[in-house]
Each structure stands twice: as structure tokens, then as C-alpha cells.
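Inside the fold
The primary structure of each chain is shown beneath.
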Amino acid sequence: MDLTALMNSHFNDSVLAMQRSAEALTEPLAAAVELLFATLANNGKILACGNGGSAADAQHFIAELVGRFERDRLPLAGIALNTDTSILTAVGNDYGFDQIFERQISALGQTGDILVAISTSGNSQNVINAIRVAHERDMVVIALTGKDGGQIGQLLTDTDIHLCVPDDRTMRIQEVHIVLLHALCDGIDALLLGEPL
Ligand SMILES: O=C(CO)[C@@H](O)[C@H](O)[C@H](O)[C@H](O)COP(=O)(O)O
Ligand SMILES: [Zn+2]
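Note on numbering: residues in each chain are counted from 1, in written sequence order. The lettering of chains begins at A and the numbering of ligands begins at 1, in the order of writing. Local features in this predicted model are restricted to residues whose pLDDT is 70 or higher, and side-chain atom pairs enter the listing and the counts only when it is 80 or higher, whereas totals over whole chains, interfaces and linings include all residues.

Right, let's talk about the site of ligand 1 for a bit. To decide whether a residue is near a molecule or strand, its C-beta atom is placed from the backbone and checked for lying within 6 Å of it. As a structural note, the neighbourhood of ligand 1 is formed by 13 residues, with Gly52, Gly53, Ser119, Thr120 and Ser121 the closest of them. Numbering of helices and strands runs from the N terminus, with a helix taken as a DSSP run of H or I at least four residues long and a strand as a DSSP run of E at least two residues long. Residue assignment for the shell around ligand 1 shows that the elements contributing at least two residues are α2 (53-66) and α7 (170-193). Tallied by class, residues from the shell around ligand 1 come to two nonpolar, 11 polar and no charged. By the convention adopted, Pro, Cys, Tyr, Trp, Phe, Met, Ile, Leu, Val and Ala count as nonpolar, Lys, Arg, Asp and Glu as charged, and the other residues, Gly among them, as polar.

Below, the structure written as C-alpha cells:
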């Protein structure tokens, strides 16, 4: 086993995934910034969810809205739906794991809010259910997926934004997702505060 070659392949593969994503996703990413900014300016809020590494990404993104990204600014309205262990265990235990996000959207989501739905496969049932309920609330969805977009890709409407990473490996997709989420934060700050540093 040539571990050095294996480790090196991760850097090379990640660069390739970034390059392919830059070509495919720069325009919808800019549209997503405008949508998020308009929502926040209209007193809407951002709800985000995902499983596993994508749960970490969702809470990372929301922390940078509520706290800050690179520069001081007003706090922005966002909630990560995968962070409250009491809600997750109660809803998971009483209603099922597939409902852990949709129930929170039923409780908190309003027309004019945005759901940021993160799933590398596009096939996580609890994220699919979250999108269905968000649509029932007339919320717009920004979906971060990968592979072929999975069932989530089929579920999105023309008013939603689909950021589907053109790669098949979960880790590569997640690596691009974190760049997308940081770019969204930077874009929001640029519209709020002016040119980035
Ligand atoms: O972080 C990783 C793999 O890199 C895992 O924890 C991964 O997020 C989990 O297997 C998730 O359950 C995958 O869900 P999804 O991205 O397909 O919606
Ligand atoms: Zn991981």
C-alpha cells in the first residue's frame, strides 16, 4: 500500500472536484446569495438541515449567520434543525427519524423563509420530507446535493435552487459543500457590508 500516493490523490481529486463545481455552480451560487439576502432583508429566516457530515455543515453555516463570518455585522436569522438533541430524540422516538426535520419546519417555517437542505446523495428521507413540508409552506429551497441529485433533484421546483456537486464520492461532495456554504456567507456579507476583505 502506497499511503503517500493515496494521501496525495485526495488533494488532486479534491482540486478536480472544485474545478468541475466552479464551472457548474458559480451562477446558481450567486443566485442563492441574492435569494438569501432578500429573504433576510424581508425579515425571513434561514432553516438548515442535514445528516452526519451535512448536519455539521448545516450548523456551521447557521453559526456564521447568527454569529459572524469574517467581519462584524448584525446577527442574521437562522436555525439549524439538527442541533437540538431533545427535539431530535423526542420526535425521532415518538414519530420516527424521517420526521425529525419536517416537524420542526411545521412548527417554525413560514412563507418567505428559506430551507437550506443538505444531502450528498439527495436521498435522505428526513431531508426529502423537510423539502415537502417547506414547499407546503411556500418556502423556497436551496438544496446542496451531489451525484445525480437523487430524489431531492426530482422534488425541486423552478423557484428552488439546486447546487448539485458533479462528483460521486460523498467526501468530495462534502468538501465542495463547505466551500459553497462559505461562499454564501461571503456573498451575503458583500451585499450587506460592501466589497470583501
Ligand atoms: O460525513 C460522512 C461521510 O463523509 C457521513 O457522516 C455522512 O454524512 C452520513 O453517512 C450521512 O447519513 C449521509 O447522508 P446524505 O449525505 O446521503 O444525505
Ligand atoms: Zn465525513
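So, on to the packing of α2 against α7. The N-to-C vectors of α2 and α7 enclose an angle of 15°; their axes lie 10 Å apart at closest approach. With respect to α7, the axis of α2 lies roughly parallel. The crossing of α2 and α7 is right-handed. Residues Gly53, Asp57, His60, Phe61 and Glu64 of α2 pack against Gln174, His177, Ile178, Leu181 and Cys185 of α7. Of the residues that constitute the contact of α2 with α7, the class distribution is four nonpolar, four polar and two charged. Axis definition: a line fitted to C-alpha atoms, over the contacting stretch in the case of helices. Angles run 0 to 180 degrees between N-to-C directions. Geometric relationships in this document are graded by angle, where less than 35 degrees denotes roughly parallel, more than 145 denotes roughly antiparallel, 65 to 115 denotes roughly perpendicular, and other angles denote oblique. The sense of a crossing depends on the near helix, which, turned anticlockwise from the far helix by less than a right angle, makes the crossing left-handed and, turned clockwise, makes it right-handed. Contacts are defined on C-beta atoms placed from the backbone: any two residues whose C-beta positions lie within 7 Å are in contact.

Before going further, it helps to examine the pairing of strand β3 (residues 114-118). Using C-beta atoms placed from the backbone, we call a residue buried if 20 or more other C-beta atoms fall within 10 Å of its own, exposed if 12 or fewer do, and partly exposed for counts in between. Counting buried positions over the five residues of β3 gives five, a clear majority of the element. Along β3, one buried face is formed by Ile114, Val116 and Ile118 and the opposite face, lined by Leu115 and Ala117, is buried too. Two strands make a pair as long as DSSP finds a minimum of two bridges between them. As defined by bridge partners, strand β1 (residues 46-50) adjoins β3 across five bridges and the pair is classed as parallel. Looking across to β3, one finds that Gly50 is bridged to Ile118. Pairing of β3 with strand β4 (residues 140-146), which is carried by five bridges, proceeds in the parallel orientation. The partner of Ala117 across the bridge, within β4, is Ala143.

With respect to the helices and strands, the residue Asp138 is situated in the loop between α5 (125-136) and β4. By the C-beta count within 10 Å, which is 12 here, Asp138 ends up exposed.

So, about α5. Residues separated by three or four positions in an α-helix point in the same direction, a consequence of the helix having 3.6 residues per turn. With 12 residues, α5 ought to run about 16 Å at 1.5 Å a step, and its terminal C-alpha atoms sit 17 Å apart, in line with that. The elements touched by buried residues of α5 are β1, α4 (102-108), β3, β4 and α6 (150-155). Asp138, located one to two residues past α5, shows a positive phi value of around 60°. A helix is expected to span 1.5 Å multiplied by its residue count minus one.

This part covers the sheet that holds strand β5 (residues 161-165). Where strands meet in a sheet, backbone hydrogen bonds hold them as pairs that are either parallel or antiparallel. What the five strands build is an open sheet, ordered β2-β1-β3-β4-β5; its pairing is parallel. For this open sheet the edge positions go to β2 (78-80) and β5, each flanked by a neighbour on one side alone. The sheet shows a mean angle of 15° between the axes of neighbouring strands, taken without regard to direction. Relative to β2, β1 runs parallel, the two being bridged by three bridges. Following the sheet pairing, Ala48 is matched in β2 by Ala80. Seen against the sheet, α5 touches β1, β3 and β4 and runs at an angle of roughly 165° to β3.

Below, the discussion takes up the UniProt feature "binding site: substrate" (unreviewed entry) in the chain. Mapped onto the present numbering, the UniProt feature "binding site: substrate" (unreviewed entry) falls on Asn51, Gly52, Gly53, Glu64, Asn93, Asp94, Ser119, Thr120, Ser121, Ser124 and Gln174. These annotated residues cover 124 residues of sequence, and their C-alpha atoms sit far apart, with the largest distance between any two at 31.7 Å. Inspection of the secondary structure assignment puts Asp94 in helix α3 (residues 85-94). Mapped onto the secondary structure, Ser124 falls in the loop between β3 and α5. UniProt positions are given in the numbering used here, feature names are shortened, and annotations may be inferred rather than shown by experiment.

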